[in-house]
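Now for the letters of each chain:
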Amino acid sequence: MPTTRTRTRPTQRERSDSTIEELLRAARKLFAERGYNATSLDAVVEAAHVTKGALYHHFSGKQHLFRAVYEREQARLSHIVAEAYLDAEPDSWEAVFVGAKAFLVEVLAPDVQRINLLDAPGALGTEEMREINSGCLKMMEEGVRRATENGDIAPHSVTALTHLLYGGLCETAMAVARAEDQQQALDAGITELRGLFDALAAAR
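About the thresholds
Residues numbered from 1 in each chain as written. Predicted model: local features only at pLDDT ≥ 70, side-chain atom pairs only at ≥ 80, totals over all residues. Heavy atoms only, no water. Helix = DSSP H or I, 4+ residues; strand = E, 2+ residues; numbered from the N terminus. Buried < 20%, exposed > 50% of the residue type's maximum accessible area, 1.4 Å probe, protein only. UniProt positions renumbered as here; feature names shortened; annotations may be inferred. Expected span 1.5 Å × (residues − 1). Bend = angle between axes of the 7 residues up to and from the residue. Contact = heavy atoms within 4.5 Å. 1 Å grid on protein atoms, 1.4 Å probe; cavity = no way out; pocket = protein on both sides within 12 Å on 5 of 7 lines; lining within 4 Å. Points joined across faces, edges and corners; volume = space filled by probe spheres on them. Nonpolar A, V, L, I, M, F, W, Y, C, P; charged D, E, K, R; others polar.

A. Spotlight on the environment of Gln74. Assignment of secondary structure puts Gln74 in helix α4 (residues 62–88). Residue class for Gln74 comes out buried when judged on its relative accessible area of 9%. Along the sequence, Gln74 and Gly135 sit 61 residues apart, while their C-alpha atoms lie 9.0 Å from each other.

B. Examining the UniProt feature "domain: HTH tetR-type" (unreviewed entry) in the protein chain more closely. Mapped onto the present numbering, the UniProt feature "domain: HTH tetR-type" (unreviewed entry) falls on residues 17–77. For residues 17–77, the end-to-end C-alpha separation is 22 Å, with 80% helix and 0% strand making up the annotated structure.

C. Molecular detail of helix α6 (residues 110–124). Taking 1.5 Å as the rise per residue, α6 with 15 residues should run 21 Å; its terminal C-alpha atoms sit 19 Å apart, in good agreement. The sharpest bend along α6 reaches about 40 degrees and sits at Leu118, with the proline Pro121 one to four residues further on. For α6, the complete set of buried residues consists of Val112, Gln113, Ile115, Asn116, Leu117, Asp119, Ala120, Ala123 and Leu124. Summarising the contacts, the buried residues of α6 are in contact with α1 (12–34), α4, α5 (92–106), α7 (126–149), α8 (158–178) and α9 (182–202). Remark: Gly125 follows α6 within two positions and exhibits a positive phi of approximately 90 degrees.

D. Spatial organisation of the side chain of Arg67. By the secondary structure assignment, Arg67 is in helix α4. Residue classification places Arg67 among the buried residues on the basis of a relative accessible area of 18%. Apart from residues lying up to four places away in sequence, Arg67 is in contact with Leu124, Glu128, Glu131 and Ile132.

E. How the structure looks around the layout of surface pockets. Approximately 880 Å³ is the volume attributed to the largest pocket. Around the largest pocket, the lining comprises 37 residues; the ones closest to its centre are Phe103, Asn133, Cys136, Tyr166 and Cys170. Those elements giving two or more residues to the lining of the largest pocket turn out to be α4, α5, α6, α7 and α8. Among the elements that take part in the lining of the largest pocket, α7 stands out by supplying twelve residues, more than any other. Classifying every residue of the lining of the largest pocket by side-chain character gives 23 nonpolar, ten polar and four charged. In this structure, the second largest pocket encloses a volume near 170 Å³. At the level of elements, α5, α8 and α9 are the ones that each hand at least two residues to the lining of the second largest pocket. No other element matches α9, which puts six residues into the lining of the second largest pocket. Looking at the lining of the second largest pocket residue by residue, the classes come out as ten nonpolar, three polar and one charged.

Okay, here's the thing in structure tokens:
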């Protein structure tokens, strides 16, 4: 005897998750296109097709919403870097370079630059950014530690070398974002990065 399926309504959690998803999707698009300062919450709720009350139920304001978008961006960038690293193994030092290069290539995109490099410092502040980015720093530290332990580079202070490389990558990304010819700046940055990695590998 055929059975009749009962159509269930979305749960409160599912509706809530859906609202958050719509808000974050709309906010990312607007932040990328208009910038943080020029994006209003009215524009976000209109694009997300939700009420402002729904927005304030999940986010305390524009800065809180931007932080959520930024956290997602950093998670996405971390995934791209991790995938590049894993694809480049078993040479653990070359894998660190490939991951770093993947990061620089990804931040050439204007929407990525706007959110992650140009607007985040003013919207969140450097300390809050460092807190959010701590996972990226730890991921690079693990790559440097593995390369050192495998003998791919000479023994170094893992922490010091990690901060040197991470800081250099962040500054290079910012320089690319502000350059008149961004592709040229990116190519030059990757060339210098390649030379640095090769020099450290040769010194073992």
